[in-house]
Amino acid sequence: MSQISRAELRLIYDSRGRATVEARLTTERGAVASAGAPSGESTGATEVLAFPAGGVPDALQRFESELRGRLVGLSVDDQVAVDRMLHEVDGTPNFSRIGGNTATAVSVACALARADERQQPLWQTLLRPGLSGPTYPAIVGNCLNGGRHAIGGPEIQEYHAISESPRPDEAIRAGLEVHQQLGLRLRAKFPQAALGRGDEGGWVAPLGNVEAVALLADVCAEVRDRLHTSVHPGLDLAASEFYREGKYVYRERTLDPDGQVAFVADLVDRYGLRYVEDPLQETDYDGFAALTRAVGARTLVVGDDIYTTAEARVAEGIRRGASNAVLIKVNQVGTLTDTLATVDLARRSGWKTVTSHRSGETPDGWLAHLAVAFGSAGLKCGLVGGERVAKLNELLRLAAPTGT
Ligand code: PGA
Ligand code: ZN
C-alpha cells in the first residue's frame, strides 16, 4: 500500500479555451500522476456539475481548504476510499460543492498513480472482470458537426464513421480516410462556401440533416470498398437539444415522438447506420424502447443524456429495454468508482459500452485506456485536432507498445 504524499489541483484550458482543472498526485514511493478533466456543452440534465457556482476559482479554493489535507495519507491502491472521500467532502448529490471535474481529475489521477506503482498500463489496472486481455474498440469518429457543436450546420449534432477492426491502426486509418474524403466532397460541393470544423473536429457545412447522412453513407461505402474494411455511418442526434414543447424541430420538418422513432428507424435502414446515440429526448425511455425494438438487432442504440453514466438510470433503461448500449463519460458521474459500477452493470446485462470524450477536451490520453479496460464496443473520441488525436495515439501506443 502506498500513500499519497502530495496532492495538487491547477487551472488548465480545454480545447474550447475554457478553464478546467488538472490534478497531480505524488505517492510516498515516488509515483507522480496527472489527469485533466474535460467539459461538455450539450450536457445531460442529470449529470453532476462540472464546477461549483463560482467556477474554477471556487473549485481550486475548495480543493485547498477541504480536499488536499484529506487526500494526503490515503492509499492509491484503494480507489473506493478515495472516491468515497470525494463524495463525503462534497456532501451533495451532484458534486455541486467541489465540482465533478475536480472529482474526475483526482479519481483518474489516483488510478494512474496506482498503475505507475504497479508498472502496468492503466488499462490493465482497471481491467473489468471477465476480460483477460485487451480487446480493441471500434473508433466512433466524428466527421461532421451540427447542433450545439457547430454554427450553421444541421440540427443533428454528430455524424460519425464507425470503424471496426481487431487492429486499432486499421480502424483509425479508415476513420481518418472518411473524414478526409468527406472534406474533399464538401469542398467540391460548396466551392464558394467557407468550410469550418466544429468543436469535435468534424466538418461544418450548410447541409440539411438527411442530405448530410446520405453524403456520409456514400463516403463510408466508397472507403469501405477501397480499403476492404468495416466502416459504416452513425449518428449522435443529441435530440434533447432540438426538442421543443413535445416536438422535434428540424429545419426541414417537425416531428412528434412517434414520428421521430419512425424517422430514425428509417434512417437506420435506408443508410445502414450502425450507431444511433440519443435519438430521443433524455426522459423518453418508452421512445428509446420502441426504437430499440424496431432496429436494435441491426444497430447500436446508445444512451448518453438519458443515462448520464449513472448506474440507477442505466438499471431503469435495462428494465425497460430502452437501448442496447450506454455511453460512458467519467465526469457525468464524477468518479471512477461510480463509472465502474455502471460499466459492470452494463456488461452483466449484455449491453455494450461506448467510452466517450466530451466536446471540450484536454490533451490527456487516459480515455483510450478506459475504453480497453472496459471492453468497450467503441471509443468515441473524434478523429482530428490535437486533443482528439491524443486519445487515438495513446490507443496505438497501448496496442503496440514498441511501435511494431
Ligand atoms: P458534450 O456532448 O460533450 O458537449 O456534452 C457530447 C455528446 O453529446 O456526446
Ligand atoms: Zn451524445
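What you are looking at is a predicted structure, and each value in this text was computed from that prediction instead of being measured.

## Quick word on the packing of aromatic side chains
Okay, so step 1: Under the defined criterion, the tally for this structure stands at six aromatic pairs.
Okay, so step 2: Plain terms: the ring middles of phenylalanine 242 and tyrosine 250 are 4.7 Å apart, the flat faces sit at 50 degrees to each other, and that makes the pair tilted.
Okay, so step 3: Judged by centre distance (5.2 Å) and plane angle (65 degrees), the rings of tyrosine 250 and phenylalanine 263 are edge-to-face. One end of the pair, tyrosine 250, is in the loop between strand 10 (247-249) and strand 11 (254-255); the other, phenylalanine 263, is in helix 7 (residues 257-271), with 13 residues separating them in the sequence.

## Some points on the coordination of the zinc ion (ligand 2)
Okay, so step 1: Within the first shell, the zinc ion (ligand 2) binds the protein through Asp236 (OD), Glu277 (OE) and Asp304 (OD), at distances of 2.0 to 2.2 Å.
Okay, so step 2: Spacing between the donor residues of the zinc ion (ligand 2) along their common chain follows D-x40-E-x26-D. One end of the pair, aspartate 236, is in strand 8 (residues 230-236); the other, aspartate 304, is in the loop between strand 13 (300-303) and helix 9 (311-320), and 68 residues separate them in sequence. In this structure, aspartate 236 and aspartate 304 share a single accessibility class: buried.

## Let's talk about the environment of valine 302
Okay, so step 1: Following the sequence through the fold, valine 302 ends up in strand 13.
Okay, so step 2: For valine 302 and threonine 292, which are 10 residues apart along the polypeptide, the C-alpha to C-alpha distance reads 9.5 Å.
Okay, so step 3: When residues no more than four places from it in sequence are discounted, the contact partners of valine 302 are Tyr275, Val276, Glu277, Asp278, Pro279, Phe288, Ala325, Val326 and Leu327.

## With respect to helix 6 (residues 209-227)
Okay, so step 1: The end-to-end C-alpha distance of helix 6 is 27 Å, a good match for the 27 Å that 19 residues give at a rise of 1.5 Å each.
Okay, so step 2: Close packing links the buried residues of helix 6 with strand 4 (138-145), strand 5 (158-164), helix 5 (168-189), strand 8 and helix 7.
Okay, so step 3: Within two residues after helix 6, histidine 228 carries a phi angle of roughly 50 degrees, on the positive side.

## Focus on the nonpolar core
Okay, so step 1: If you look at the biggest cluster of nonpolar residues, it comprises 107 residues, and the most contacted ones within it are Leu71, Val178, Leu186 and Leu237.
Okay, so step 2: At nine residues, helix 3 (residues 100-118) tops the list of elements feeding residues into this core.
Okay, so step 3: Taken domain by domain, the makeup of this core includes at least three residues from each of domain 1 (4-119) and domain 2 (138-399).
Okay, so step 4: Setting aside residues no more than four positions away along its own chain, valine 178 makes contact with Cys143, Ala161, Leu216, Val219, Cys220, Val223 and Val231.

## Some thoughts on the side chain of asparagine 142
Okay, so step 1: Assignment of secondary structure puts asparagine 142 in strand 4.
Okay, so step 2: Residue classification places asparagine 142 among the buried residues on the basis of a relative accessible area of 0%.
Okay, so step 3: Here leucine 144 takes part through its backbone nitrogen, which lies 3.4 Å from a polar atom of the side chain of asparagine 142.
Okay, so step 4: When residues no more than four places from it in sequence are discounted, the contact partners of asparagine 142 are Glu158, Tyr159, His160, His179, Glu200, Gly202, Gly382 and Leu383.

## Some words on the sheet that holds strand 11
Okay, so step 1: Spatially, 9-10-11 is the arrangement adopted by the three strands of the open sheet, whose pairing is antiparallel. A single partner strand is all that each edge strand has here, and the edge strands are strand 9 (243-244) and strand 11.
Okay, so step 2: In this structure, strand 9 lies alongside strand 10, joined through two bridges in antiparallel fashion. Across the sheet, the residue bridging to arginine 244 is lysine 247, located in strand 10.

## Section: the domain arrangement of the protein chain
How large an interface is tends to be reported as the accessible area lost when its parts come together.
Okay, so step 1: Domain assignment breaks the protein chain into domain 1 (4-119) and domain 2 (138-399).
Okay, so step 2: Counting from both sides, the interface comprises 34 residues of domain 1 and, opposite them, 27 residues of domain 2.
Okay, so step 3: Buried surface at the junction of domain 1 and domain 2, both sides included, amounts to about 2400 Å², of which 51% is carbon and sulfur.
Okay, so step 4: The tally of links from domain 1 across to domain 2 stands at three salt bridges.

## Some details on the pattern of salt bridges
Okay, so step 1: Taken as a whole, this structure holds 33 salt bridges when the rule is applied.
Okay, so step 2: One salt bridge in this structure joins aspartate 344 and arginine 128, with 2.8 Å as the shortest N-O distance. Here aspartate 344, found in helix 11 (residues 336-348), pairs with arginine 128, found in the loop between helix 4 (122-125) and strand 4; they are 216 residues apart in sequence, far enough to count as distant. Exposure class is identical for aspartate 344 and arginine 128. Each is buried.
Okay, so step 3: Of the charged contacts in the structure, one is a salt bridge between glutamate 394 and arginine 397, with a shortest N-O distance of 2.7 Å. Within this pair, glutamate 394 and its partner arginine 397 are both found in helix 13 (residues 386-399), separated by three residues, close to a single helical turn.
Okay, so step 4: Note on glutamate 394: relative accessible area 19%, which makes it buried.
Okay, so step 5: Arginine 397 gets classed as partly exposed once you look at its relative accessible area, which sits at 47%.
Okay, so step 6: One network of salt bridges, with partners in common, ties together Arg18, Glu41, Arg148 and Glu241.

## Section: the packing of helix 8 (residues 285-295) against helix 9
Angle between the axes and distance between the axes: these two values describe a pair of packed helices.
Okay, so step 1: Two elements in contact, helix 8 and helix 9, have axes whose closest approach is 10 Å; the angle formed by their N-to-C orientations is 50 degrees. Classified by the angle their axes make, helix 8 and helix 9 are oblique. Classified by chirality, the crossing of helix 9 by helix 8 is right-handed. Residues Tyr285, Asp286 and Ala289 of helix 8 form the contact with helix 9, whose own contacting residues are Arg313, Glu316, Gly317 and Arg320.
Okay, so step 2: When the residues that make up the contact of helix 8 with helix 9 are grouped by side-chain class, the tally is two nonpolar, one polar and four charged.

Reading the values: rules and limits
Residues numbered from 1 in each chain as written. Chains lettered and ligands numbered in written order. Predicted model: local features only at pLDDT ≥ 70, side-chain atom pairs only at ≥ 80, totals over all residues. Heavy atoms only, no water. Phe/Tyr/Trp six-rings, centres within 6.5 Å; stacked < 30°, edge-to-face > 60°. Helix = DSSP H or I, 4+ residues; strand = E, 2+ residues; numbered from the N terminus. Donors = N, O, S within 2.8 Å, 3.2 Å for Na, K, Ca; no water. Buried < 20%, exposed > 50% of the residue type's maximum accessible area, 1.4 Å probe, protein only. Contact = heavy atoms within 4.5 Å. Expected span 1.5 Å × (residues − 1). Core = buried A, V, L, I, M, F, W, Y, C linked by side-chain atoms within 4.5 Å. Domains from an automatic or database assignment. Polar contact = N/O pair within 3.5 Å; in protein donor to acceptor, adjacent residues only side chain to side chain. Pairing = 2+ DSSP bridges. Buried area = accessible area lost by both parts, 1.4 Å probe. Salt bridge = Lys/Arg side-chain N within 4 Å of Asp/Glu carboxyl O. Axes fitted to C-alpha atoms, helices over the stretch in contact; angles between N-to-C directions. Parallel < 35°, antiparallel > 145°, perpendicular 65-115°, else oblique. Left-handed = near helix turned anticlockwise from the far one by under 90°. Nonpolar A, V, L, I, M, F, W, Y, C, P; charged D, E, K, R; others polar.

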